[in-house]
Amino acid sequence: MSEQSGQEPRERTESDIAHNARVWNYWLGGKDHYEVDQQVGNQVTAMYPSIGEVARADRAFLGRAVTHLAGRAGIRQYLDIGTGLPTAENTHEVAQRIAPDSRVVYVDNDPIVLTHARALLTSTDEGATSYVDADARDPAAILRAASGTLDLGRPVAVMMLGILNFVLDTAEATSIVRHLLGAVPSGSYLVLTHPTLELGGEGNEEAMRFWNENATPPITARDRAEIEGFLDGLDVLEPGLVSCARWRTDGADEGPVVAQFGVMARKP
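Note that the coordinates shown come from a computational prediction; the quantities given were computed from them, not determined experimentally. (Residues numbered from 1 in each chain as written. Predicted model: local features only at pLDDT ≥ 70, side-chain atom pairs only at ≥ 80, totals over all residues. Heavy atoms only, no water.)

**Q** Go over the overall build of the chain with me, naming the residues and quoting the values.
**A** Along the chain, the regular secondary structure elements total eleven helices and eleven strands. Taking 18 Å as the expected radius of gyration for a compact globule of 268 residues, we find that the chain reaches 17 Å, a close match to that expectation. Along the first, second and third principal axes, the C-alpha atoms of the chain reach 45 × 40 × 35 Å. With 268 residues in all, the chain has 52% of them scored as buried. Counting only contacts in the chain whose residues sit at least 6 apart along the sequence, the fraction spanning at least 24 positions is 74%. About 11,500 Å² of surface is accessible on the chain, with carbon and sulfur atoms providing 46% of the total. A gap of 6 Å separates the mean positions of the 23 positive and 38 negative side-chain charges of the chain. (Helix = DSSP H or I, 4+ residues; strand = E, 2+ residues; numbered from the N terminus. Rg over C-alpha atoms; globule rule 2.2 N^0.38 Å. Buried < 20%, exposed > 50% of the residue type's maximum accessible area, 1.4 Å probe, protein only. Contact = heavy atoms within 4.5 Å. Areas by Shrake-Rupley, 256 points an atom, 1.4 Å probe, with all protein chains shown as cover. Lys, Arg positive; Asp, Glu negative; His and termini not counted. Charge placed at Lys NZ, Arg CZ, Asp CG, Glu CD.)

In structure tokens form, the structure reads like this:
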């Protein structure tokens, strides 16, 4: 495990302000959160009742995406940025169940996630799982650390589920994606989800404003055109940029449409 910060996790943990990883854990039914996270989570839910459905749909999308990558696409390397707190069916669990030799690097800079990193650091004997404490805004540091586990000369699936929405400047977010994809070869993939005020998400605007005033880190929604900008130069897989709840469900476990885009694209 690589730790990029000189601070101990407990020194960077704040229990008096809600944090995304813990609130998301609360919405998913987990136990790794404080009272303040539950309070903010409840307030956001009151303002935007479908937020719990968004969290669950995003998690289900992860499982379907990794299943496709490890199965039909034959991907054996994963760079999962913005890991969040471990729950069931993490990237390495899904990938290594299909292909035991899969290698997974998790990246996050949340101190709570760091504290729970040991739960992520399990692996089959044939594969590998590691954790990098780094900021998504520093792709060069991420790639340096990830290269200790991943062979960046072979295809890598770059997973960015619900992380670019914390990079408020779209130009900076686009630069991060291009840096990461520029460092991996043809045959690599980008997988991302991102909140939007489209797809019925208009009611989320007030909730996001409340979040930015009462929790951390601040968040932004983006429209279809902005998210499509992250995909320039890539081959987008069917069904394209859609609600993550509608991405390759084949009619099974298809919940309500949620205001969270999901997409997978391949580097030609």
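**Q** How would you explain helix α10 (residues 204-214) if you had to name every residue and give the values?
**A** Two residues of an α-helix separated by three or four positions point the same way, owing to the 3.6 residues in each turn. Listed as buried for α10 are Asn-204, Ala-207, Met-208, Phe-210 and Trp-211. Viewed along the axis of α10, the buried residues span an arc of 160°, placing them on a single side of the element. (Arc of directions from axis to C-beta.)

**Q** An account of the pattern of salt bridges is needed here, citing residue identities and associated values.
**A** Taken as a whole and judged by the stated rule, the model has five salt bridges. Among the ionic pairs, Arg-22 bridges to Asp-37, the shortest N-O distance being 2.6 Å. Note that Arg-22 is positioned in helix α2 (residues 20-27) and Asp-37 in helix α3 (residues 35-47), a separation of 15 residues in sequence. The pair Arg-22 / Asp-37 is uniform in exposure class, with both members buried. The partner of Arg-76 in a salt bridge is Asp-101, with the nearest N and O atoms 3.5 Å apart. (Salt bridge = Lys/Arg side-chain N within 4 Å of Asp/Glu carboxyl O.)

**Q** Lay out the confidence of the model for the chain in plain terms, naming residues and giving numbers.
**A** On average, residues of the chain score 89 in pLDDT, and 93% of them reach the 70 mark or higher. Predicted confidence for residues 1-13 stays below pLDDT 50, and this span has 27 contacts to residues more than four positions away or in other chains. (pLDDT = per-residue confidence, 0-100.)

**Q** An account of the side chain of Gln-260 is needed here, citing residue identities and associated values.
**A** Position of Gln-260 among the secondary structure elements: in strand β11 (residues 260-266). Residues in contact with Gln-260, not counting those within four places in the same chain, are Val-54, Asp-58, Thr-193, His-194, Pro-195, Thr-196, Leu-199, Val-242, Ser-243 and Cys-244.

**Q** Talk me through the nonpolar core; I want residue IDs and the actual numbers.
**A** Within the largest apolar cluster, 86 residues are counted, with the highest numbers of intra-cluster contacts made by Tyr-78, Leu-79 and Met-160. It is helix α4 (residues 51-70) that contributes the most residues to this core, ten residues altogether. Setting aside anything within four residues of it in sequence, one finds Leu-79 in contact with Val-105, Val-107, Ile-142, Leu-143, Ala-146, Leu-150, Val-156, Ala-157, Val-158, Met-159 and Leu-180. (Core = buried A, V, L, I, M, F, W, Y, C linked by side-chain atoms within 4.5 Å.)

**Q** Account for helix α9 (residues 170-182), naming residues and giving values.
**A** End to end, α9 covers 18 Å across 13 residues, agreeing with the expected 18 Å (1.5 Å per residue, within 8%). Taken residue by residue, α9 has Ala-173, Thr-174, Ile-176, Val-177, Leu-180 and Leu-181 as its buried positions. Seen along its axis, α9 keeps its buried residues to an arc of 155°; they face one direction. Along α9, the residues that are exposed and aim more than 90 degrees away from the buried face are Ala-171 and Gly-182. If you check the start of α9, you find a side-chain oxygen 3.2 Å away from the backbone N of Ala-171, and it comes from Asp-169. (Expected span 1.5 Å × (residues − 1). Polar contact = N/O pair within 3.5 Å; in protein donor to acceptor, adjacent residues only side chain to side chain.)

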